[in-house]
Amino acid sequence: MMSSHIELYRTMYLIRRFEEQALAEFSTGKLVGTTHAYIGQEANAVGVISNLKSEDVVWSNHRCHGHFLAYGGEPAALAAELMGKSTGIVGGRGGSQHIHWKNFFSNGIQGGIVPNAAGMALSSKIDGRGSISAVFIGDGTLGQGVVYETMNIAALWQLPILFVVENNHFAQTTPVEMAIAGSIVGRFEGFGINATELFTSDVLEILPVAEQVIGKIRSTGCPAAIILNTHRFMAHSKGDDTRDKEMVKKLRQKYDPLQIHGLRLDTADKEPCEAEVNQLIDAAFFHANSADLPSLNGRPA
Ligand SMILES: Cc1ncc(C[n+]2csc(CCOP(=O)(O)OP(=O)(O)O)c2C)c(N)n1
Ligand SMILES: [Mg+2]
C-alpha cells in the first residue's frame, strides 16, 4: 500500500484538527461565508485520494476541506481562503466552497460540478492522457437531475470517471430515507456503471477497495462508483443539526475513523505526529489571520 499507517493517521488528524479550528474560529467572527465540517468522514477522502496520481483530477463539493487536505493542499492557504485573505488558495475570493489548486476543483452547487468531471474525463480519453476524474458527492445530491445525465453520458461514452458517493445519511436535516427511493447502487447499475458499496469508517478497508476500483477504471477506461456509508459528527454547517445528540454521540463512539485507525499505532509514533500537526494548524490560522485582504480591482482593500 502506498501510505504507511502513520501517514494515513496524520492526514486524517490534519483534517480533524483543521475543521475543529475552523469551527472554533467561526464563532469569533474571523471567518466569512460558511463552512461544512468533514469531521467523521476523514477516512473517505484519505482512502480514495491516496490512490490517485498527480495527473488525476479531483472534483469536490461544499464539504471540500477534507478532500483538499487529503489531496495535499496547504492548511495555511485553506485557512486564509476561509478568512477571505489574499494568501488564500484562490486569493480569498472563493471562500470555503470554491477552490481550485492544481488538479483540484470544488463547487458549492450540489451536483453542479459533476458534468465538469465528465468533461475532463472525456478530454483525458480523447488526448489519451490516461488520467481519471474523481468526483465526490453526498447522498442528498442524488436528487439533482444533472447527476443522472452525467451517469448516462459517462456510461455511453465510456469515460474514466469515479463517482464517490459519501452517504452520511443526511442532506442538511433531511434523512436519506425521506429523500431516496430504491438503492444508491441501483442508480449506477441502471446505467451499467459498476458500483461498490462499503459500510465502514476504517481507512484500511476503504483504501484497498478504492485502489481496486480506480485500477479498473485505469485499465478499462470505464466509469465506476464507490458508495461510502459514513457519518458526520458535527452539524451540517455550523449550528444546523436536528439529530438526537445522544445518537450522534453513539455514532462517534462507534465510527470515529481516528479512533479506529489510531488503535493500530504506537503512542511513541502517534504523540509526536499529533504535536506536529497541532503546531501546523496553529501556525496556519495565525498566518491567515495576519494576512492582508485581497485588493479590489488592483486597489488596496
Ligand atoms: C443546487 C443546490 N441546492 C441547495 C443547496 C444548499 N445545500 C448545500 S449542502 C445541502 C445538502 C447536501 O447534502 P448531501 O449531498 O447529502 O451532502 P452532505 O452535506 O451531507 O455532505 C444543501 C441542500 C446547494 N448548495 N445547491
Ligand atoms: Mg449527506
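Right above here is the structure, for reference.
Let me sum up the structure you'll find in this document. (Residues numbered from 1 in each chain as written. Chains lettered and ligands numbered in written order. Predicted model: local features only at pLDDT ≥ 70, side-chain atom pairs only at ≥ 80, totals over all residues. Heavy atoms only, no water.)

1. Description of the pattern of salt bridges
This model, assessed by the stated rule, comprises nine salt bridges. The residue Arg17 makes a salt bridge to Glu20 at a minimum N-O spacing of 3.0 Å. With Arg17 and Glu20 both in helix H1 (residues 5-26) and three residues apart, the pair spans about one turn of that helix. Here Glu25 makes a salt bridge to Lys30, at a shortest N to O gap of 3.5 Å. On the basis of relative accessible area, Lys30 is assigned to the partly exposed category, the value being 35%. Each member of the salt-bridge network shares a partner with another, and the members are Arg16, Glu42 and Asp256. (Salt bridge = Lys/Arg side-chain N within 4 Å of Asp/Glu carboxyl O. Helix = DSSP H or I, 4+ residues; strand = E, 2+ residues; numbered from the N terminus. Buried < 20%, exposed > 50% of the residue type's maximum accessible area, 1.4 Å probe, protein only.)

2. Some remarks on the site of ligand 1
Around ligand 1 sit 15 residues in total, of which His62, Arg63, Gln110, Gly140 and Thr141 are the nearest. In the model, a nitrogen atom of ligand 1 is placed 2.8 Å from a nitrogen or oxygen of the Gly108 main chain. Alone, ligand 1 offers 590 Å² of accessible surface; in the complex the protein occludes 75% of this. Within the shell around ligand 1, the residues separate by chemical class into three nonpolar, 10 polar and two charged. (Near = heavy atom within 4 Å. Polar contact = N/O pair within 3.5 Å; in protein donor to acceptor, adjacent residues only side chain to side chain. Areas by Shrake-Rupley, 256 points an atom, 1.4 Å probe, with all protein chains shown as cover. Nonpolar A, V, L, I, M, F, W, Y, C, P; charged D, E, K, R; others polar.)

3. Looking at the pairing of strand S5 (residues 161-167)
Burial analysis of S5 places seven of its seven residues in the buried class, which makes it a mostly covered element. Pairing of strand S4 (residues 133-138) with S5 involves six bridges; the strand directions are parallel. Within S5, the position partnered with Ala134 by the bridge is Leu162. Of the crossover connections in this fold, the one passing from S4 over helix H6 (residues 145-156) to the parallel S5 is right-handed. Two strands pair when backbone bridges link them, and S5 and strand S9 (residues 224-229) are joined in this way by six bridges, in the parallel orientation. (Pairing = 2+ DSSP bridges. Right-handed = clockwise from strand over helix to strand, strands pointing away.)

4. Some points on the coordination of the magnesium ion (ligand 2)
Each pair of donors in an ideal four-coordinate tetrahedral metal site encloses 109.5 degrees, whereas pairs in an ideal six-coordinate octahedral site enclose 90 or 180 degrees. The magnesium ion (ligand 2) binds to the protein through Asp139 (OD), Asn168 (OD1) and Phe170 (O), with metal-donor distances spanning 2.1 to 2.2 Å. Positions of the donor residues of the magnesium ion (ligand 2) along the chain correspond to the pattern D-x28-N-x1-F. Neither residue differs from the other here; Asn168 and Phe170 are each classed as buried. (Donors = N, O, S within 2.8 Å, 3.2 Å for Na, K, Ca; no water.)

5. Notes on the environment of Thr174
With respect to the element layout, Thr174 can be found in strand S7 (residues 174-175). Look at Thr174 and you get partly exposed, because its relative accessible area is 33%. Sequence separation of Thr174 and Ala121 is 53 residues, and the distance between their C-alpha atoms is 32 Å.

6. Brief notes about the pairing of strand S1 (residues 57-60)
Remark: a regular strand shows side chains that alternate across the two faces of the sheet. Burial along S1 is two-sided: Val57 and Trp59 and Val58 and Ser60, pointing in opposite directions, are all buried. Relative to strand S3 (residues 104-106), S1 runs parallel, the two being bridged by three bridges. Its bridge partner lying in S3, Ser60 is registered against Ser106.

7. What about the sheet that holds S5?
One open sheet holds the seven strands; their spatial order is S2-S3-S1-S4-S5-S9-S8, and the pairing between them is mixed. The strands lining the two open edges of the sheet, one partner per strand, are strand S2 (100-101) and strand S8 (194-199). Pairing of S2 with S3, which is carried by two bridges, proceeds in the antiparallel orientation. Bridge pairing links His100 to Phe105 in S3. Sheet strands in contact with helix H5 (residues 114-127) are S1, S4 and S5, and its direction is about 170° off that of S4. (Contact = heavy atoms within 4.5 Å. Axes fitted to C-alpha atoms, helices over the stretch in contact; angles between N-to-C directions.)

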